[in-house]
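This is what each chain is made of:
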Amino acid sequence: VTPRLPMDGGSVIFKATEQLILDGQLQAQAAAGGRGGLVDIAAARIAVVGAGHDTSGLAGYLILDADRLNTFGAASLLLGGVRSGVSQGLGVEVTADSVVVRNDENSALTGPELILAARDEVTVAAGSVLRAKGEIAGGTGDLIMKPNVPEQLNDNGTSWDPSDDYVIPARDWGALIRLSNGDAAKVVRSGVDTTVSYGTVDIGAGDQFKPEFLAFS
């Protein structure tokens, strides 16, 4: 996978807990032939809410206005994590336990590429609209998910004797939605733990997803 180059648009990471005001506009347009800018918003709990929609039950969430996100100018928007370049594509470290979308056609969340990621649940409320809109240049590569629990070396209580050391494998789970007008991409997880009850995508009745490529994980 080609790393990001000077001709590509820039990237920015926002880490917030209670409030994030996006009154400006991102100046991260790519030069001719380059890939667009990346915006990552990282928080423990994130809710995208359209104008006039109910915010009950969202105490403790970072509440983002859908229209503000649309006009901010990101070619690729990730809600719930942070991306970094790796040899196989784009590494994704998930920070959010929950991502919620509550909007409608008049406040649809739009952009050339939208990615929502959470450890526990991604919830798109009934009647909500997410739309991949606009061109995205170049391939972003596969999404390589960082395991929630990394691989660990256990010395079996005998730190002086490496002969009985053993490796505890990495464990991963999670929920992800990707809508994109760019290339199709795989969501790659290692050490998936099927015994946990986390990692669900909850789609409400009447929801609309309008992408060139759509992936759930």
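Because the structure is a prediction, the values reported are computed rather than measured.

## Description of the sheet that holds strand 11 (residues 121-124)
Right, so step 1: Spatial ordering of the open sheet is given by 4-3-8-11-18, a layout of 5 strands whose pairing is parallel. Both outer strands of the open sheet, strand 4 (62-65) and strand 18 (200-203), are each paired with one neighbouring strand and no more. If you compare each strand with its neighbour and ignore which way they point, the axes differ by 10° on average.
Right, so step 2: The sheet contact formed by strand 3 (residues 45-49) and strand 4 spans 4 bridges and is parallel. Looking at the pairing, A47 lines up with I63 of strand 4.

## Quick word on the pattern of salt bridges
Right, so step 1: Scanning the model with the defined rule gives 7 salt bridges in all.
Right, so step 2: We note a salt bridge from D172 to R189, for which the minimum N-O separation is 3.1 Å. Pair noted here: D172 is in the loop between strand 15 (166-168) and strand 16 (175-180) and R189 is in the loop between strand 17 (187-188) and strand 18, with a separation of 17 residues, a long-range link.

Definitions and limits used
Residues numbered from 1 in each chain as written. Predicted model: local features only at pLDDT ≥ 70, side-chain atom pairs only at ≥ 80, totals over all residues. Heavy atoms only, no water. Pairing = 2+ DSSP bridges. Helix = DSSP H or I, 4+ residues; strand = E, 2+ residues; numbered from the N terminus. Axes fitted to C-alpha atoms, helices over the stretch in contact; angles between N-to-C directions. Salt bridge = Lys/Arg side-chain N within 4 Å of Asp/Glu carboxyl O.

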